[in-house]
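Residue-level structure breakdown
Residues per chain, in single letters:
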Amino acid sequence: MKGRLCHAAPLGLLLLSLTTVAHARQDSMKAPPACLSRAEITAAVTPAAMMAALPRCVQEGRTQDAIDLYNISGVFAHFDRQRVADQSAHGAYQAMKMAAGSAMDEETLARFDTALKAQLAPDKAPAYVAGICTDVKRLGPPTYTPTYMLSHGMSNFTGTGGGLVPDFKPAEAWKTTLTQYLKCPA
């Protein structure tokens, strides 16, 4: 019996990762959503929608919009990781980033990566982060239900340990996201 229990966790994690990748692949087979500019992002736009739109932005030559989607989706995903109880669900955002990368050919992905690194270079990063901070503070915390994350955790398969964190304090989590993750200036 003990031998079987040792294999149950890795098998469960394998199934979880395959399901996450399958969902990401299925989503990537749909027509890509329109590229969004920073001004078009609202607190209701999920990281899943932003990451799905990112490849299209790059393909259309709207690299700055892609960089903004990448960074703001990370801010929202950080907030979501604080409010989703199932720790295994937190990997959904990584899977979406991988799916966005795999939706681009190597040249396009390399172009995006180079532009992202340039934007976050020490000489440009402080001004860029300050601008992102201003915009996400204006947006406030996400208003959507993080189903993209909730549906990818082990609790989705077991029926236990999922959902949102009981007594979640959105204002505190948002402040933590802005100060610890995004490192917004005070």
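Throughout what follows, the structure given in this document is the object of discussion. Treat the numbers as computed from the prediction; the structure is a model and nothing was measured.

This next bit is on the environment of Gln94. Within the secondary structure, Gln94 sits in helix H4 (residues 92-102). Between the C-alpha atoms of Gln94 and Gly74, which are 20 residues apart in sequence, the distance is 9.7 Å.

The subject of this paragraph is the pattern of salt bridges. Counted according to the given criterion, the structure contains 8 salt bridges. In this structure, the salt-bridge partner of Arg62 is Asp65, at a minimum N-O distance of 2.8 Å. Of the residues examined, Arg62 reaches a relative accessible area of 29% and is grouped as partly exposed. When the shortest N-O distance is used, the salt bridge between Asp80 and Arg83 registers 2.8 Å. Taken together, the residues Asp80 and Arg83, both in helix H3 (residues 63-83) and 3 residues apart, mark about one turn of the helix. With respect to class, Asp80 is no different from Arg83; both count as buried. Sharing partners across several salt bridges, the network here consists of Arg38, Asp68, Asp135 and Arg138.

Let us look at the packing of aromatic side chains. Within the structure shown, the criterion is met by 5 aromatic pairs. Ring geometry for Tyr70 and Phe112: centres 5.9 Å apart, planes at 65 degrees, overall edge-to-face. Placement of the pair is Tyr70 in helix H3 and Phe112 in helix H5 (residues 106-119), with a sequence separation of 42 residues. By relative accessible area, which is 23% here, Tyr70 ends up partly exposed. Residue Phe112 is classed as buried on the basis of its relative accessible area of 5%. Judged by centre distance (5.8 Å) and plane angle (80 degrees), the ring pair of Phe79 and Trp174 falls under edge-to-face. Separated by 95 residues along the polypeptide, Phe79 in helix H3 and Trp174 in helix H9 (residues 170-181) bring together distant segments of the chain. Of the two residues examined, Phe79 and Trp174, each falls in the buried class. Members of the aromatic cluster, each reached through a chain of ring pairs, are Phe76, Phe79, Tyr144, Phe168 and Trp174. If you follow Arg83 out to its NZ or CZ, it ends over the ring of Tyr144, 5.2 Å from the centre.

Positionally, Tyr181 belongs in helix H9. It is 7.3 Å that separates the C-alpha atoms of Tyr181 and His78, two residues lying 103 residues apart in sequence. When near neighbours in sequence (up to four residues on either side) are disregarded, Tyr181 contacts Gly74, Val75, His78, Arg81 and Thr176.

Before going further, it helps to spend a moment on the nonpolar core. Counting 41 residues, the largest nonpolar core has Phe76, Val136 and Leu182 as its most contacted members. Of all the secondary structure elements, the ones that give two or more residues to this core are helix H2 (47-59), H3, H4, H5, helix H6 (125-139), helix H7 (147-150) and H9. The element contributing the most residues to this core is H3, with 8 residues. For Phe76, the contacting residues outside a window of four places in its chain are Thr42, Ala43, Val45, Pro47, Met50, Leu139, Gly140, Pro142, Tyr144 and Trp174.

Conventions used here
- Residue positions within a chain follow its written sequence, with the count starting from 1.
- pLDDT decides what is reported in this predicted model: residues at 70 or higher carry local features, side-chain atom pairs at 80 or more are listed and counted, and totals for whole chains, interfaces and linings draw on all residues regardless.
- Computation of side-chain values covers all heavy atoms of the structure but excludes hydrogens and water.
- Think of it this way: any DSSP run of H or I at least four residues long counts as a helix, any run of E at least two long counts as a strand, and we number them from the N terminus.
- Salt bridge, as applied in this entry: a Lys or Arg side-chain nitrogen positioned within 4 Å of an Asp or Glu carboxyl oxygen.
- The rule is simple: take the accessible area with a 1.4 Å probe, protein chains only, and divide by the maximum for that residue type; under 20% is buried, over 50% is exposed, in between is partly exposed.
- Aromatic contacts are taken between Phe, Tyr and Trp rings whose centres are within 6.5 Å, Trp giving its six-membered ring; a plane angle under 30 degrees counts as stacked, one over 60 as edge-to-face, and the others as tilted.
- Definition used: whenever NZ (Lys) or CZ (Arg) falls within 6 Å of the ring centre and also within 35 degrees of the ring normal, the charge is taken to sit over that ring.
- By definition, residues are in contact when any of their heavy atoms lie within 4.5 Å.
- Nine residue types can take part in a nonpolar core, namely buried Ala, Val, Leu, Ile, Met, Phe, Trp, Tyr and Cys, and a core is a set of them joined through side-chain atoms within 4.5 Å.

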